[in-house]
Amino acid sequence: MVGKRYSRQRELIYQAVCGSKEHPTAEMVYQWLKHANPNLSLGTVYRNLNLLAEEGVLIRMPFPVERYDAEVRPHSHFRCKRCGRVFDLEVPYDAQIDVQAAQVKGFQIESHDLTFTGFCPDCQGVTDNGQKRTIE
């Protein structure tokens, strides 16, 4: 059972996110599930993803289009500026950053999110219009 309140649809949505390394959007999850679940609505997917994030079993990632991650342990991400895909980065979590940030203004820090941006291997060397990028 996933989360505090079980429903078949919520379980399907959670399993779809868990089965993906793509950090899917709600729209992606909906597209994956709608054919086998014709009564599923995009609104239901959004509501359940947000509920699962509130319960702490998913992470809501506030990129220009929200994405969701079933890996809830602290970890870093990389977002490609060209294709928009999001990848996990296995960079060790540095709790010392939390301590340093807390000392700046006396904040109580619980954790931090670290996201790197740039171009993924598939998009390196290609411009937005498909032309070869020149690296200076």
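Use the structure listed above.
Residues numbered from 1 in each chain as written. Predicted model: local features only at pLDDT ≥ 70, side-chain atom pairs only at ≥ 80, totals over all residues. Heavy atoms only, no water.

Quick look at the side chain of His-23 now. In this structure, His-23 sits in the loop between helix H1 (8–18) and helix H2 (26–34). In terms of polar contacts, His-23 uses its side chain to reach the backbone carbonyl oxygen of Lys-21, at 3.4 Å. A polar contact of 3.2 Å, which involves the side chain of His-23, links it to the side chain of Asp-69. Not counting residues within four places of it along the chain, the set of residues in contact with His-23 comprises Met-61, Arg-67, Tyr-68, Asp-69, His-77, Val-86, Phe-87 and Asp-88. (Helix = DSSP H or I, 4+ residues; strand = E, 2+ residues; numbered from the N terminus. Polar contact = N/O pair within 3.5 Å; in protein donor to acceptor, adjacent residues only side chain to side chain. Contact = heavy atoms within 4.5 Å.)

What follows deals with the side chain of Arg-67. Position of Arg-67 relative to the elements: it lies in strand S2 (residues 67–69). Summary of buried charges: Arg-67 has no salt-bridge partner, and the nearest side chain of opposite charge, Glu-22, is 6.1 Å away. A polar atom in the side chain of Arg-67 sits 2.8 Å from the backbone oxygen of His-23. The contact partners of Arg-67, leaving out residues within four places of it in the chain, are Glu-22, His-23, Pro-24, Thr-25, Met-28, Ile-59, Arg-60, Met-61, Gly-84, Arg-85 and Val-86. (Buried < 20%, exposed > 50% of the residue type's maximum accessible area, 1.4 Å probe, protein only. Lys, Arg positive; Asp, Glu negative; His and termini not counted. Salt bridge = Lys/Arg side-chain N within 4 Å of Asp/Glu carboxyl O.)

Core analysis: the biggest nonpolar cluster contains 14 residues, and Ile-13, Val-29, Val-45 and Leu-49 have the highest contact counts within it. Elements with a minimum of two residues in this core: H1, H2 and helix H3 (42–54). In this structure Val-29 touches Ile-13, Ala-16, Val-17, Pro-24 and Val-45, once residues within four positions along its chain are discounted. (Core = buried A, V, L, I, M, F, W, Y, C linked by side-chain atoms within 4.5 Å.)

As a further point, take the pairing of strand S4 (residues 86–89). Pairing of strand S3 (residues 76–80) with S4, which is carried by 4 bridges, proceeds in the antiparallel orientation. Bridged to Phe-78 within S4 is Phe-87. Remark: 5 residues form the turn of the hairpin made by S3 and S4, two consecutive strands paired antiparallel; Gly-84 in that turn has positive phi of roughly 80°. (Pairing = 2+ DSSP bridges.)

Sitting at the amino-terminal end of helix H4 (residues 95–105) is Asp-94, which places a side-chain oxygen 3.0 Å from the backbone nitrogen of Gln-96. Positioned one or two residues after H4, Gly-106 has a phi angle of 80°, which is positive.

A few words on H3. Side chains that are three or four residues apart share a direction in an α-helix, a result of its 3.6 residues per turn. Between its first and last C-alpha atoms H3 spans 18 Å; for 13 residues at 1.5 Å apiece the expected length is 18 Å, and the two agree. Among all positions of H3, only Thr-44, Val-45, Asn-48, Leu-49, Leu-51, Leu-52 and Ala-53 are buried. The secondary structure elements touched by the buried residues of H3 are H1, H2, strand S1 (59–61) and S2. At the C-terminal side of H3, Gly-56 shows a positive phi close to 85°. (Expected span 1.5 Å × (residues − 1).)

Quick look at a nonpolar patch on the surface now. A cluster of nonpolar side chains, namely Val-91, Leu-114 and Phe-116, defines an oily patch on the protein surface of about 210 Å² accessible area. Of note, Phe-116 is situated in strand S5 (residues 115–118). (Patch = residues over 30% accessible without salt bridge, like charges linked within 9 Å, V, L, I, M, F, W, Y side chains within 5 Å. Areas by Shrake-Rupley, 256 points an atom, 1.4 Å probe, with all protein chains shown as cover.)

Geometric values such as these leave the question of function open.
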